[in-house]
Amino acid sequence: MTQDKCLVDIHTHVYLPEYLELLRQREKVPRVLPPLEEGEDERLIILPDEDKGESTKNGRPVGPDYYDVREKLAFMDKHDIDISVISLANPWIDFLPPTEETFDLARRLNVSMEKMCQDPITHGRLYGMGTLPLSSVEGSIAEVERIAALPRMRGVIMGTFGCGKGLDDPALEPLYQAIAKHNLVIFLHPHYGVNLPASGNTDAGHSLALALGFPFETTYAIARLILSGIFDRVPDLKILLAHSGGTLPFLAGRIDSCVAHDPAVASKLNHPPSYYLKKLYYDAVIYHETGVKATAAFVDPSQMMFGTDHPFFPPLETKDARWMSVDSNLSAISNAGLDSSTVEGILGKNALRIFNLELPSK
Ligand code: URA
Ligand code: ZN
């Protein structure tokens, strides 16, 4: 395999055993419930109010795809994925208090992630993103120092909650500085959705929350962070946005215009918001060529990278089939009218460069 032809998945999750154990012990969301029937999988309930929705109250089955490294490798083989950069899935440990117990769990999760990536059966095909005990900035900085020393870790996954006040909370700035100092990438991933009026009064199950709530959440959180002027103060901070930046490539002009017409806001920034937005990395997990085209027209496509969101969105019927969710993302990239070297970049080469990954020998 050559650099030009490799396929790298930078948006792919795992629920580590230590994390599942924590969720099994909990009595409220996020939690893992026992199987509905004997012999079936346990059930994962993680989204806000998921236990109250008619079609979602029993969660989703959580089988070996969610935690077993052999299933990750089998999924990669099925779709010809050479390397995966794996991250813990939402909601990470955002909901835990700032205690020694939480710091210890973060340490154990990161060691466990590193161990999974170093497992000889992976033949060097896995890299990882660390998890932070975000309810404490000091605890998170200490964990960043440890993650930076783990050979296969390349970044940290973060939600939009910060330590309770969003990503533009000034208290987080020393953490951003520590992350930038170690050249780690923040993988910014949604979980909480947006609090739209009457958003609970629908029988749309997870579909609207995942399709719309997730990307709107990312859009709003990163726009707020940019308006705080963080990139003028920490210019080396590297952020990868999930789901092609939510709706940012489409709405950047509107954000620029609204800020330009509000001198009190504009004067806090050295540049218009899209200047900073164009420095970020974007995954290509958007399922349609229109989204890929919009993202590639907005940022330099050398900042875009393929992802799958495995183990979410599995095939509903035949377990052995290729995953529709993966194939829609692959076709979206191939059919976006980009030249072949740009496509090769999005599929793998950009990730090798951005995350400093080595192609496995085998
Ligand atoms: N559903 C989730 O809860 N998380 C994802 O990343 C994708 C789907
Ligand atoms: Zn995801």
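One can find the structure itself at the top, above this paragraph.
Overview of the structure. As the structure is a computational prediction, the values presented were derived from the model and not from experiment.

This part is about the overall build of the protein. Secondary structure summary: the protein contains 13 helices and 11 strands in total. Its C-alpha atoms give the protein a radius of gyration of 20 Å, within 12% of the compact-globule value 21 Å for 362 residues. Viewed in the frame of its principal axes, the protein has a C-alpha envelope of about 60 × 45 × 45 Å. Counting only contacts in the protein whose residues sit at least 6 apart along the sequence, the fraction spanning at least 24 positions is 72%. Carbon and sulfur atoms form 54% of the exposed surface of the protein, whose accessible area is close to 16200 Å².

What follows is about the pairing of strand 6 (residues 126-131). Judged by how many residues are buried, strand 6 sits mostly within the fold: six of six residues are covered. Two elements, strand 5 (residues 83-88) and strand 6, share three bridges in a ladder whose sense is parallel. Looking across to strand 6, one finds that S84 is bridged to L126. As for the winding sense of the linkage, the β-α-β connection from strand 5 through helix 3 (residues 100-118) to strand 6 is right-handed. Both strand 6 and strand 7 (residues 153-158) contribute to a ladder of four bridges, which runs parallel. Looking at strand 7, one finds that G130 is bridged to V156. Tracing the backbone out of strand 6, into helix 4 (residues 137-148) and back to the parallel element strand 7 gives a crossover that is right-handed.

What follows deals with the site of ligand 1. For ligand 1, the full set of nearby residues is H13, I46, L47, R60, N90, H189, L210, F214, D309, F312 and F313. In the model, an oxygen atom of ligand 1 is placed 3.4 Å from a nitrogen or oxygen of the H13 side chain. A distance of 2.8 Å is found between a nitrogen atom of ligand 1 and a side-chain nitrogen or oxygen belonging to N90. Burial of ligand 1 by the protein chains amounts to 99% of its free accessible area of 240 Å². Tallied by class, the residues present in the shell around ligand 1 amount to six nonpolar, three polar and two charged.

Okay, the sheet that holds strand 2 (residues 31-33) next. The three strands are arranged 2-3-4 in an open sheet whose pairing can be described as antiparallel. Either end of the sheet is taken by a strand with one partner, and the two such strands are strand 2 and strand 4 (60-62). Along the sheet, successive strands turn relative to each other by an average axial angle of 45°, direction set aside. The pairing of strand 3 (residues 42-45) with strand 4 spans three bridges and is antiparallel. Of the residues in strand 4, the one forming a bridge with E42 is V62. Where helix 1 (residues 17-25) meets the sheet, its contacts fall on strand 2, strand 3 and strand 4, and the angle it forms with strand 2 comes to roughly 75°.

Quick look at the packing of aromatic side chains now. Across all of its chains, the model carries nine aromatic pairs by this definition. Where Y15 meets F312, the ring centres are 6.4 Å apart and the plane angle is 85°; that geometry is what we call edge-to-face. Here F312 lies in the loop between strand 11 (304-305) and helix 12 (324-334) and Y15 lies in the loop between strand 1 (8-14) and helix 1, a separation of 297 residues in the sequence. A relative accessible area of 0% places Y15 in the buried class. Residue classification places F312 among the buried residues on the basis of a relative accessible area of 6%.

In this structure, H11 (NE2), H13 (NE2), H189 (NE2) and D309 (OD) serve as the protein donors to the zinc ion (ligand 2), at separations of 2.1 to 2.2 Å. Ordering the donors of the zinc ion (ligand 2) by residue number gives the pattern H-x1-H-x175-H-x119-D. For the pair formed by H11 and H13, the shared burial category is buried.

This brings us to helix 2 (residues 69-78). For helix 2, the full list of buried residues reads V69, K72, L73, F75 and M76. Down the axis, helix 2 shows its buried residues gathered within 160° of arc, on one side only. Against the buried residues of helix 2 lie strand 1, strand 5, helix 3, strand 6 and helix 12. Two or three places before R70, at the start of helix 2, stands the capping residue D68, its side-chain oxygen 2.8 Å from that residue's backbone nitrogen. Following helix 2 by one or two positions, D80 adopts a phi angle in the positive range, close to 55°.

How each quantity is defined
Residues numbered from 1 in each chain as written. Chains lettered and ligands numbered in written order. Predicted model: local features only at pLDDT ≥ 70, side-chain atom pairs only at ≥ 80, totals over all residues. Heavy atoms only, no water. Helix = DSSP H or I, 4+ residues; strand = E, 2+ residues; numbered from the N terminus. Rg over C-alpha atoms; globule rule 2.2 N^0.38 Å. Contact = heavy atoms within 4.5 Å. Areas by Shrake-Rupley, 256 points an atom, 1.4 Å probe, with all protein chains shown as cover. Buried < 20%, exposed > 50% of the residue type's maximum accessible area, 1.4 Å probe, protein only. Pairing = 2+ DSSP bridges. Right-handed = clockwise from strand over helix to strand, strands pointing away. Near = heavy atom within 4 Å. Polar contact = N/O pair within 3.5 Å; in protein donor to acceptor, adjacent residues only side chain to side chain. Nonpolar A, V, L, I, M, F, W, Y, C, P; charged D, E, K, R; others polar. Axes fitted to C-alpha atoms, helices over the stretch in contact; angles between N-to-C directions. Phe/Tyr/Trp six-rings, centres within 6.5 Å; stacked < 30°, edge-to-face > 60°. Donors = N, O, S within 2.8 Å, 3.2 Å for Na, K, Ca; no water. Arc of directions from axis to C-beta.

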